[in-house]
Each structure stands twice: as C-alpha cells, then as structure tokens.
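Here are the chains, one letter per residue:
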Amino acid sequence: MFRNRVKHISWFVYESFTRTIGYRQARRAVKCSPNVRLPVVLSLSFPLFGYNKTNLTNNNELELAVNNDELVLEQKLIKADQLFLANKFEDVVQLLGEYKDKNNVQVLWRLSKAEYNMSLDENISKEKKKSLISSAHESIIKALSIDSNISEVHKWAAVLIDAYSNINLGVKEQLLKLETVKFHLQKALELNPKDPFLRYMIGYW
C-alpha cells in the first residue's frame with residue numbers, strides 16, 4: 001500500500017511538472033517512463049514547490065519593514081512632543097512634514113498645532129500667517145474626518161476653525177462658526193476632562 005501511495009504522489013508531481021514545462025520536455029528531462037521515481041521529479045520541480053516558501057519569506061520581510069516604519073514614526077512623535085515643550089514649532093513641521101499625506105491622525109493634529117503656533121509670530125507677514133493657518137486648518141479637518149474620538153483633534157479643531165474664520169470669513173460667518181467652535185471644545189473636554197487648557201477656553205467662550 002505504501003508503494004502505491006508513493007507511485008500516486010510521484011504521478012501527481014510528474015503531471016504538475018509536465019503541465020509546467022510540457023510533456024515531451026519533461027520526458028526528456030527525467031529520461032524515464034511516467035512511473036518516474038519521486039526524488040527525481042521532486043528535484044526537477046523544486047522551483048515549483050519552493051514558491052510558497054519564497055512568498056512567505058517576502059511577506060515576513062515586508063511585515064518587518066512595516067513594523068520598523070511604525071517604530072520610527074512613534075519615536076518621531078515623542079521627539080515632536082519634546083520640541084513643543086521647547087517652543088520649536090518649525091522643527092516639529094520639519095520632523096513630521098513627510099508624513100502629512102499618510103492620513104495619520106497623530107501626525108496631523110501635531111502639524112496643525114505647530115503651524116498655528118508659528119502663525120502667532122509677530123515677525124511674519126500677513127500672507128505667511130494666512131498660509132500657515134490655512135494649512136493647519138486643512139490638516140485638522142482631515143484629522144477629524146479620520147478619527148473624531150481624540151481630544152487633541154477637537155481642541156485644535158476649535159482653535160483653528162476660529163482662527164481660519166477670522167482671516168477668511170466676514171463677521172456674520174464668524175458668528176455662525178462660534179457654535180461649531182464651542183461644540184469642539186466641549187467634545188474635547190468630554191474626551192479629556194483633566195485638560196485645564198480646555199476648561200479655561202470654555203470659560204472664556
């Protein structure tokens with residue numbers, strides 16, 4: 001029975017081999033009848049049966065590369081938070097700018113925060129100020145569309161919707177935006193009740 005099973009496996013491998021390179025070429029390659037021995041056919045068809053192993057190796061390498069990229073980004077986010085403490089907002093933009101189009105919420109709200117703070121510099125032109133606020137506003141709106149359950153996203157959405165309205169909208173439109181600003185402040189506080197900055201801002205409004 002064992003010999004019959006071996007013959008059956010040999011024939012299956014042989015058939016797979018012939019479909020790959022052609023019947024005549026297969027017969028010439030093995031130089032024997034269709035009852036070819038299993039080791040011979042396996043050795044000839046090694047590339048065919050090694051394909052899945054190659055794919056597995058490639059997948060593992062790809063997974064390692066992705067994990068490494070995620071680790072690098074996490075380290076950059078930590079570095080960005082340290083730069084915020086030192087008021088080095090331009091450095092934050094340079095550090096995270098390459099990730100702006102990656103749809104990462106943690107990157108987007110930090111870029112918005114950095115660009116808004118850069119816009120507060122009294123030494124920059126009105127055009128530069130408007131450009132920074134517009135860019136920051138665009139990033140935070142994008143962040144909201146990706147994940148609206150993060151306190152920092154709502155906090156900076158409130159700040160930037162107000163700032164954007166002040167430079168781009170008339171008085172009537174600005175007043176209409178106040179409810180939107182208040183909504184984002186309240187949502188941010190709901191998600192992070194321990195943020196004193198939010199309580200101050202809500203009290204101000």
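Residues numbered from 1 in each chain as written. Predicted model: local features only at pLDDT ≥ 70, side-chain atom pairs only at ≥ 80, totals over all residues. Heavy atoms only, no water.

As named in an unreviewed UniProt entry, the chain is Regulator of microtubule dynamics protein 1, taken from Aphis glycines. The Subcellular location (unreviewed entry) comment attached to the chain in UniProt states, word for word, "Cytoplasm, Cytoskeleton". Its UniProt record, at the heading Subunit (unreviewed entry), says of the chain: "Interacts with microtubules." (UniProt positions renumbered as here; feature names shortened; annotations may be inferred.)

**Student:** Give me the environment of Leu-108: which residues, what numbers.
**Tutor:** Looking at the secondary structure, you find Leu-108 in helix α7 (residues 105-119). Remark: the alpha-carbon pair of Leu-108 and Lys-142, spanning 34 residues in sequence, is separated by 7.7 Å. In this structure, Leu-108 is in contact with Lys-100, Asn-103, Ser-139, Lys-142, Ala-143 and Ile-146, ignoring residues within four places of it in sequence. (Helix = DSSP H or I, 4+ residues; strand = E, 2+ residues; numbered from the N terminus. Contact = heavy atoms within 4.5 Å.)

**Student:** Explain the nonpolar core residue by residue, including any values.
**Tutor:** Nonpolar side chains tend to gather and get buried jointly when the protein is soluble and globular. Residues Ile-140 and Val-153 are the most contacted members of the largest nonpolar core, which totals 24 residues. No other element matches helix α9 (residues 151-168), which puts 8 residues into this core. Counting 15 residues, the second-largest nonpolar core is a separate cluster that includes Leu-73, Leu-83, Phe-89 and Met-118. (Core = buried A, V, L, I, M, F, W, Y, C linked by side-chain atoms within 4.5 Å. Buried < 20%, exposed > 50% of the residue type's maximum accessible area, 1.4 Å probe, protein only.)

**Student:** Can you explain the packing of α7 against α9? Please cite residues and give values.
**Tutor:** Where α7 contacts α9, the axes come no closer than 10 Å and their chain directions differ by 40°. Crossing of α7 over α9 shows left-handed handedness. Residue-level contacts link Val-105, Trp-109, Ser-112, Lys-113, Tyr-116 and Asn-117 of α7 to Glu-152, Val-153, Trp-156, Val-159, Leu-160 and Ala-163 of α9. Partitioned by chemical class, the residues of the contact of α7 with α9 number 8 nonpolar, 2 polar and 2 charged. (Axes fitted to C-alpha atoms, helices over the stretch in contact; angles between N-to-C directions. Left-handed = near helix turned anticlockwise from the far one by under 90°. Nonpolar A, V, L, I, M, F, W, Y, C, P; charged D, E, K, R; others polar.)

**Student:** Break down helix α6 (residues 89-96) for me, with residues and values.
**Tutor:** Within α6 the residues assigned to the buried category are Phe-89, Val-92, Leu-95 and Leu-96. Down the axis of α6, the buried set is contained in an arc of 115°. They therefore lie on one face. (Arc of directions from axis to C-beta.)

**Student:** Run through the packing of aromatic side chains, naming residues and quoting values.
**Tutor:** Tallied over the entire structure, the rule returns 2 aromatic pairs. Judged by centre distance (6.2 Å) and plane angle (50°), the ring pair of Phe-84 and Phe-89 falls under tilted. We classify Phe-84 as buried; its relative accessible area is 8%. Judged by its relative accessible area of 16%, Phe-89 falls in the buried class. Plain terms: the ring middles of Tyr-116 and Trp-156 are 6.1 Å apart, the flat faces sit at 55° to each other, and that makes the pair tilted. Separated by 40 residues along the polypeptide, Tyr-116 in helix α7 and Trp-156 in helix α9 bring together distant segments of the chain. Looking at Tyr-116, the relative accessible area reads 19%, which means it is buried. Note on Trp-156: relative accessible area 7%, which makes it buried. (Phe/Tyr/Trp six-rings, centres within 6.5 Å; stacked < 30°, edge-to-face > 60°.)

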